[in-house]
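# Architecture at a glance
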Amino acid sequence: MQDTPQTQFTTRVFSGVQPSGGLTLGNYLGAIRRFVDMQDDGNETLYCMVDQHAITVWQDPATLRRNTRQLAAGYLAAGLDPTRSILFNQSQVAAHAQLAWVFNCVARMGWMQRMTQWKDKAGKNQQNASLGLLAYPSLMAADILIYHATHVPVGEDQKQHIELTRDIAIKFNNDFGVDFFPATEPVIEGPATRVMSLRDGTKKMSKSDPSDMSRINLTDDADTIAQKIRKARTDPEALPSEAKGLEGRAEARNLVNIFGALNEQSVDQVLADFGGRQFSEFKPALADLAVAKLAPISSEMGRLMEQPEEIDAILAQGAEKARAIANPILKRAYEIVGFVGA
Ligand code: AMP
Ligand code: TRP
């Protein structure tokens, strides 16, 4: 066994979003706003548009191109700064897919089949799902570990995939007798790690929900946002004055969480202001707040989308910086595996 260098794992943040549709308020509060916070904390940050993950289910090519640029516009409009964060699309850094192949041979079938996202997305007809959909978490582990990333900000739904990433890192290190890949930490924090559907408080808000009324899109205009909040499902009770009173009231809890997350207040602070009031008063306040916070992002996205060359140039520069970090790590991984010429 070749001796391994002492690897020093300094804080490095990586995360990704799939360009498989428009961005939702869930993506913004659960992920992108956290990306901006971590950038502002002075970390080394890499944020990716995971186009190769998107094609695990069918994507029309022209739509995929548009969604990738729109996601990049969303990142920029929300405050990610290409001089401080590395912003790029996954397909342009070949090392992700190259390392993923190695991980496909380290990870076990059973690990993939256990994933709840696989079970949800493949549904009843698993035989007809793409092989990529099953191997999805292996590529995700490669996205993270190709940078030796230590911290991954995500929403609650991705926790199981990050745990699998750790399992893959540990098994690789054990199989080859090295201390090469770090144990990655999920960063699942903040008041909105799970923003729920506006139509059903037990389902997460998702860009793939067939009902557009179930979500707020970052591209929605003020009237649409206000209408969706007005029509959001609630119960007939007034708001409670403390968080305990939200138990068993999924829809009420969701709207209060969203208010708190947008206004950077705790649930208790929101309820201190709105406890005892009816939804007929709370909903207009929430709609005004949502419009005030989201309208600048949406208009900046619109502006950026009119300059696709600017977006493409940012992504090209980001990919170059990402390759400079990823390629030496891939080379070392290939050497560890025993590939000649690496
Ligand atoms: P996706 O749109 O599935 O690629 O998700 C991108 C990021 O947004 C991931 O970190 C997700 O965990 C996060 N996310 C997606 N939907 C929600 C939601 N409803 N609430 C909180 N976070 C979310
Ligand atoms: N699976 C993530 C999602 O659907 C997206 C993703 C792909 C990701 N690779 C990643 C997130 C690496 C964090 C780190 O939300």
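The following refers to the structure shown. (Residues numbered from 1 in each chain as written. Chains lettered and ligands numbered in written order. Predicted model: local features only at pLDDT ≥ 70, side-chain atom pairs only at ≥ 80, totals over all residues. Heavy atoms only, no water.)

## Some points on the pattern of salt bridges
Under the criterion given, the structure shown has 20 salt bridges. One salt bridge connects Asp-40 with Arg-84, and the closest N-O pair in it is separated by 3.2 Å. Placement of the pair is Asp-40 in helix 1 (residues 25–40) and Arg-84 in the loop between helix 3 (61–78) and strand 3 (85–89), with a sequence separation of 44 residues. With a shortest N-O distance of 2.7 Å, Lys-228 and Asp-220 are connected by a salt bridge. Ionic contacts of the salt-bridge type, sharing partners, join the residues Asp-212, Arg-215, Asp-220 and Lys-228 into one network. (Salt bridge = Lys/Arg side-chain N within 4 Å of Asp/Glu carboxyl O. Helix = DSSP H or I, 4+ residues; strand = E, 2+ residues; numbered from the N terminus.)

## Some remarks on the site of ligand 1
Close contacts around ligand 1 come from 17 residues, with Gly-155, Asp-157, Val-195, Met-205 and Lys-207 the closest. With respect to ligand 1, the backbone of Gly-26 contributes an N or O atom lying 3.3 Å from a nitrogen atom. Between ligand 1 and the protein, one listed contact pairs an oxygen atom with a side-chain N or O atom of Asn-27 at 3.0 Å. Relative to its unbound accessible surface of 480 Å², ligand 1 loses 92% to contact with the protein. Element by element, the count of residues in the shell around ligand 1 is highest for helix 1, at four residues. For the shell around ligand 1, the residue count by class is six nonpolar, seven polar and four charged. (Near = heavy atom within 4 Å. Polar contact = N/O pair within 3.5 Å; in protein donor to acceptor, adjacent residues only side chain to side chain. Areas by Shrake-Rupley, 256 points an atom, 1.4 Å probe, with all protein chains shown as cover. Nonpolar A, V, L, I, M, F, W, Y, C, P; charged D, E, K, R; others polar.)

## As for unusual backbone geometry
Within the chain, His-148 stands out as a residue other than glycine whose phi angle is a positive 50°. At Glu-264, a position not held by glycine, the phi torsion is positive, near 50°. By secondary structure assignment, the location of Glu-264 is in the loop between helix 10 (250–263) and helix 11 (267–274).

## Some words on the site of ligand 2
Close contacts around ligand 2 come from 13 residues, with Gln-18, Tyr-136, Met-140, Asp-143 and Gln-158 the closest. Within the side chain of Asp-143, an N or O atom sits 2.7 Å from a nitrogen atom of ligand 2. A total of 370 Å² of accessible area belongs to ligand 2 in isolation, and the protein chains cover 91% of it. Counting residues per element, the ones that place at least two in the shell around ligand 2 are strand 1 (12–17) and helix 7 (131–145). When residues of the shell around ligand 2 are assigned to their parent elements, the largest contribution, four residues, is made by helix 7. Here the residues of the shell around ligand 2 sort into seven nonpolar, five polar and one charged.

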